[in-house]
Amino acid sequence: MMRLDERLTSLSSPFNAEAAKKALLQGRELLHQRYCRDKNGTLLLRGHSQLVDRILRHVWREMAMPGSIVLLAVGGYGRRQLFPHSDVDLLVLVPPEGSDANVMDADIKGRLECWVRSLWDIGLDVGHSIRTLAECIEEAKDISVQSSLLETRQLAGYRQPFIEFSLAMQAMLEPRSFCTAKQLEQQQRHGRYQDAIYNLEPNIKESPGGLRDLHNILWISRAAGLGKSWKELAQGEFITHREARLAQHNQIILQDLRIRLHYLAGRREDRLLFDYQTPLADELNISGKPPRRAGEMLMQRYYRAARAVTQINTILLLTLRARIFPDKEALPVVINERFQKRGELLEMRDENIFQKTPGAILESVLLLQKNPDLKARSAATLRAMWRAAPLINAGFRRDPHNRALFMEILRQPRGLTRELRLMNRYGILGRYIPVFGQIVGQMQHDLFHVYTVDEHILMVVRNLRRFKAPEFAHEYPLCSRLIGEFERPEVLYLAGLFHDIAKGRQGDHSILGKTDARRFCQQHEMLKEDVEMVEWLVENHLVMSMTAQKKDISDMNVIADFARRIGNGRRLVALYLLTVADIRGTSPKVWNTWKSKLLEDLFRATRRHLYGEPAHAEGTLRNRRNKVLELLQIDNIPARVYEQLYSALGSTYLLLHDPQEIAWHALHLGHQMKPPAPVVKARVAPAGTGIEVLVYAADQKDLFARICNFFDHIDFNIVQAKIHTTRHGYALDSFLVLDPFNVTQHHCDALSFIEHELARQLDPAVPLEAPLKGRLSRHLKHFPITPEVDIEPDEKGTYHVLSIVAGDQPGLLSRIAQVLVRFGINVHSARIDTMGERAEDTFLVTGNILNEPRRLIQLETELIKALQISCETVEESPDESSMHRNAG
């Protein structure tokens, strides 16, 4: 086989795009083979850069480009770190217009255009820009551009223009401004990932703890003239030699994962998606250790590397900032015998203080919380604290002083989220609470959590703290008001810390976690009532969301049962706050206005019940009727319109709909209780929770199935359905649907489309369409959900409750509805809930076969068949995500 350098040499012949393309493909294949043999990622990246260098120079030469036009490699390619499928970033430096050296005539412009086309024909994904030096200086005011130009290499052209370019770039570099800008840029980038190291599908390059955090350090140190490599930083004593080796080691780990990911995906892919985790583990000969799968073991390797990168990044940024922003006049201000303040940093007074007095670790946390003028620990203090973390042992945990310090940390009005995350990052939190240490980096495969267990827990605590911050009061006004009135909120934070702490163990994590929480609270000498509250919250942290999303909360009996379980108002407030924080902490996509309204409605109804008020805001049927009449009078609609509606539907209808909705129905139905054609009306829900759809038509057995089918086909998600039959054989169905595209919020035409097209689909003469078929999401491919169907009578024996759990997929609701039609099942209400890729739907149904055991088994069997997912169809691209129900 011809060696790589021989293939490159063969390019010296006259330019031929096919020959160059072949040389590139063969060169890349040789590099891949060498990488598989030697496992040397650094050599691969450098070799790939050299390969592309030779091809670019060859094509440039063949185009006879004048020497005054300079070709430069920038970005990752500029620093000779070209990953297998990364873009080739180039800068073409041209002389300014009007200069003697300017040669940008039509011929040269044409050649440059031809050059770019040739590169694409060869197979190079180039990102190029053509700029004068003045334009480069102007664009370098953008910090991202300035970083990219910091590591520029010359590929072709005269040397002098490149020297002038380099001097100009260096001259405009202001280390202090650059350092500040890069730190702000890092904060913004981390914020896009919720500041979470432990994402289940992290971005190896951009996530907190990713390669970009390492690049950031070297960019800042390079701009300040302090060093261009880990070795140089160690020689300058900015980091220890051990930390330099650690940075290099983890950079190699992340680099290797990114290289393998590119090869595995066959394209530029920097996200460690579920699709690739197990194949990457196989490549690296990582095997599973039950109950953990091989992919999970791979992710443990990634999380260890990401945490180490974050640790080093934090310490080095503090160190570099102290050197770049020296405060020579800042004198130490003694805080106590262990700590002092210098400028905005907390310093230890004795470099061995944490070794002598390990409890000073928690004291430093408390001091940072209590002193707003302290921004962080000094690098030396943080480094010493990191080294002392192993001293947190059983004796440390039993020390009453340390226990008191930890409780004081929880009670502070500021800094809790930041400090808990730092304690987790440096292994302190997991050592102080050993059961927490067991879930650090533990993955969750439930299709709606996007974080590991520990990251989710800290996200929940963060959400609780966010409710308390005045600057975020506009986000969740009710939560902010409730937590502001809640005494001893540390109860909530401890419930947040322990609510999922037993995940991954054998048994119910709520029960196991309750035991852990009780032991911890008792050890920390909390009030008996607070111990009981934390214990109760951990055990019942799922109850409110399950009640709101699976039961009919307009039913007074449901509210009464839930209120009995809650017991008192303080528990209700605590559980509501924890539930909102918990759901919001699973994934940015799971929470929506519909879930918010459900929980708030349940909270308000339960509070009224607990305090002896009627379960419904309007109280008695008479009061509700009066409210409806009052609303109708505003629109000059006579009372007889409501009376006709009420006469046809009865008191159940009045109890299940709020007065505003009834008034809206009456507006459209009061004059035509037996219309010849279906009446379909749609509007944006008053609370902004979705789209309300009214369907009134002569009853037919497949009416519900037709409606479901219609919304499935237009990618709208039904989240609630209420179905009534009038005394003269008409069906009044009301739906709340979510529009994933938000077109109805701004376009009345979309509402008109729903009204006209749905009415057409309800015509019995129009054949019922087959359920929509779509591709299975990649998450469900790797973590399939076994369908569950449960049918049981309600407590009164009037209805049966059909509960379904399945993997979410296009056409799911239509398939369920059509099975129910075939078995003669009538749907009276439906509650549709989607948590990520998991669908949990509840229906209130009636039908003769529900009391026939044999036929009931047949129904359950057919429903399970309808819920089964074929793993033969998978989304084409990991970028795609299910749009059919995720908004629910």
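Computed from a prediction, not measured in an experiment: that's the story for all the values here. (Residues numbered from 1 in each chain as written. Predicted model: local features only at pLDDT ≥ 70, side-chain atom pairs only at ≥ 80, totals over all residues. Heavy atoms only, no water.)

Asks: Before we move on, can you summarise the confidence of the model for the protein with the specific residues and values?
Replies: Here the protein shows a mean pLDDT of 88. Residues at 70 or above account for 92%. Scored below 50 in pLDDT, residues 615–619 shows 16 contacts in the model against residues more than four places distant or in partner chains. A low-confidence stretch, residues 870–888 stays under pLDDT 50, and its non-local contacts, those more than four residues away or across chains, total 60 contacts. (pLDDT = per-residue confidence, 0-100. Contact = heavy atoms within 4.5 Å.)

Asks: Which residues make up the side chain of Gln 300, and what are the values?
Replies: As for its placement among the helices and strands, Gln 300 is situated in helix α14 (residues 294–324). Setting aside its immediate chain neighbours within four residues, Gln 300 contacts Arg 292, Val 440, Gly 441 and Gln 442. (Helix = DSSP H or I, 4+ residues; strand = E, 2+ residues; numbered from the N terminus.)

Asks: For helix α3 (residues 41–62), give the residues involved together with the corresponding values.
Replies: Owing to its 3.6 residues per turn, the α-helix brings residues three or four apart onto one side. The terminal C-alpha atoms of α3 lie 32 Å apart, and with 22 residues this matches the ideal 32 Å at 1.5 Å per residue to within 8%. Its side-chain oxygen 3.3 Å from the backbone nitrogen of Thr 42, Asn 40 forms the N-cap of α3. Positive backbone phi, approximately 55°, marks Ala 64, located one or two places after α3. (Expected span 1.5 Å × (residues − 1). Polar contact = N/O pair within 3.5 Å; in protein donor to acceptor, adjacent residues only side chain to side chain.)

Asks: With reference to specific residues and values, describe the sheet that holds strand β4 (residues 153–156).
Replies: The strand order β3-β2-β1-β4 describes an open sheet built from four strands, whose pairing is mixed. Strands with a single pairing partner mark the edges of an open sheet, and in this sheet they are β3 (126–131) and β4. Adjacent strand axes in the sheet meet at a mean angle of 30° when their direction is disregarded. Packing against the sheet, α3 makes contact with β1 (70–73), β2 (88–93) and β4, and its axis sits at approximately 40° to β4. (Pairing = 2+ DSSP bridges. Axes fitted to C-alpha atoms, helices over the stretch in contact; angles between N-to-C directions.)

Asks: Tell me what's going on with the sheet that holds strand β7 (residues 345–348), and back it up with residues and numbers.
Replies: Across the sheet, four strands lie side by side as β5-β6-β7-β8; this open sheet has mixed pairing. At either margin of the open sheet sits one strand with a lone partner, and together these are β5 (333–334) and β8 (376–377). The pairing of β5 with strand β6 (residues 339–342) spans two bridges and is antiparallel. In the sheet register, Val 333 faces β6, and the bridge partner there is Lys 341.

Asks: Pulling in residues and values, what's your account of empty space enclosed by the protein?
Replies: Tallying each qualifying case throughout the model produces four cavities of 30 Å³ or more. Approximately 80 Å³ is the volume attributed to the largest cavity. Around the largest cavity, the lining residues are Asp 195, Ile 197, Tyr 198, Arg 421, Asn 424, Arg 425, Glu 455 and Leu 458. When residues of the lining of the largest cavity are traced back to their parent elements, those giving at least two are α20 (416–425) and α23 (453–468). With three residues, the top contributor of residues to the lining of the largest cavity is α20. Of the residues in the lining of the largest cavity, the class split is three nonpolar, one polar and four charged. (1 Å grid on protein atoms, 1.4 Å probe; cavity = no way out; pocket = protein on both sides within 12 Å on 5 of 7 lines; lining within 4 Å. Points joined across faces, edges and corners; volume = space filled by probe spheres on them. Nonpolar A, V, L, I, M, F, W, Y, C, P; charged D, E, K, R; others polar.)

Asks: Break down the nonpolar core for me, citing the residues and quoting the values.
Replies: Within the largest apolar cluster, 191 residues are counted, with the highest numbers of intra-cluster contacts made by Leu 56 and Trp 115. The biggest single contributor to this core is α14, with 16 residues. Those residues within four positions of Leu 56 in sequence are excluded, and the remaining contacts are Leu 71, Tyr 77, Val 88, Leu 90, Trp 115, Leu 119, Leu 124 and Leu 155. Grouped together as the second largest cluster of nonpolar side chains are 51 residues, Ile 714, Leu 812, Ala 817 and Phe 823 included. (Core = buried A, V, L, I, M, F, W, Y, C linked by side-chain atoms within 4.5 Å. Buried < 20%, exposed > 50% of the residue type's maximum accessible area, 1.4 Å probe, protein only.)

Asks: Outline the side chain of Arg 79, listing residues and values.
Replies: By the element assignment, Arg 79 lies in the loop between α4 (75–78) and β2. A distance of 3.0 Å separates polar atoms of two side chains, one belonging to Arg 79 and the other to Gln 81. Among all residues touching Arg 79, those that are not within four sequence positions of it are Glu 151, Arg 212, His 215 and Trp 219.

Asks: Could you give an account of the pairing of strand β9 (residues 679–684), with specific residues and numbers?
Replies: Pairing analysis gives six bridges linking β9 to strand β10 (residues 691–698), with the strands arranged antiparallel. Along β10, the bridge assignment pairs Val 684 with Ile 691. Hairpin remark: β9 followed by β10, antiparallel, with six residues in the connecting loop; positive phi at Gly 688, about 75°.

Asks: Go over the environment of Ala 234, please, and point to the residues and values.
Replies: With respect to the helices and strands, Ala 234 occurs in helix α11 (residues 230–235). With ten residues separating them in the primary sequence, Ala 234 and Ala 244 have C-alpha atoms 6.1 Å apart. Those residues within four positions of Ala 234 in sequence are excluded, and the remaining contacts are Ile 239, Thr 240, His 241 and Ala 244.

Asks: Give me the pairing of β10: which residues, what numbers.
Replies: Taking burial as the measure, the eight residues of β10 include seven buried ones, the bulk of the element. Two strands pair when backbone bridges link them, and β10 and strand β12 (residues 730–738) are joined in this way by eight bridges, in the antiparallel orientation. Bridged to Glu 692 within β12 is Leu 736.

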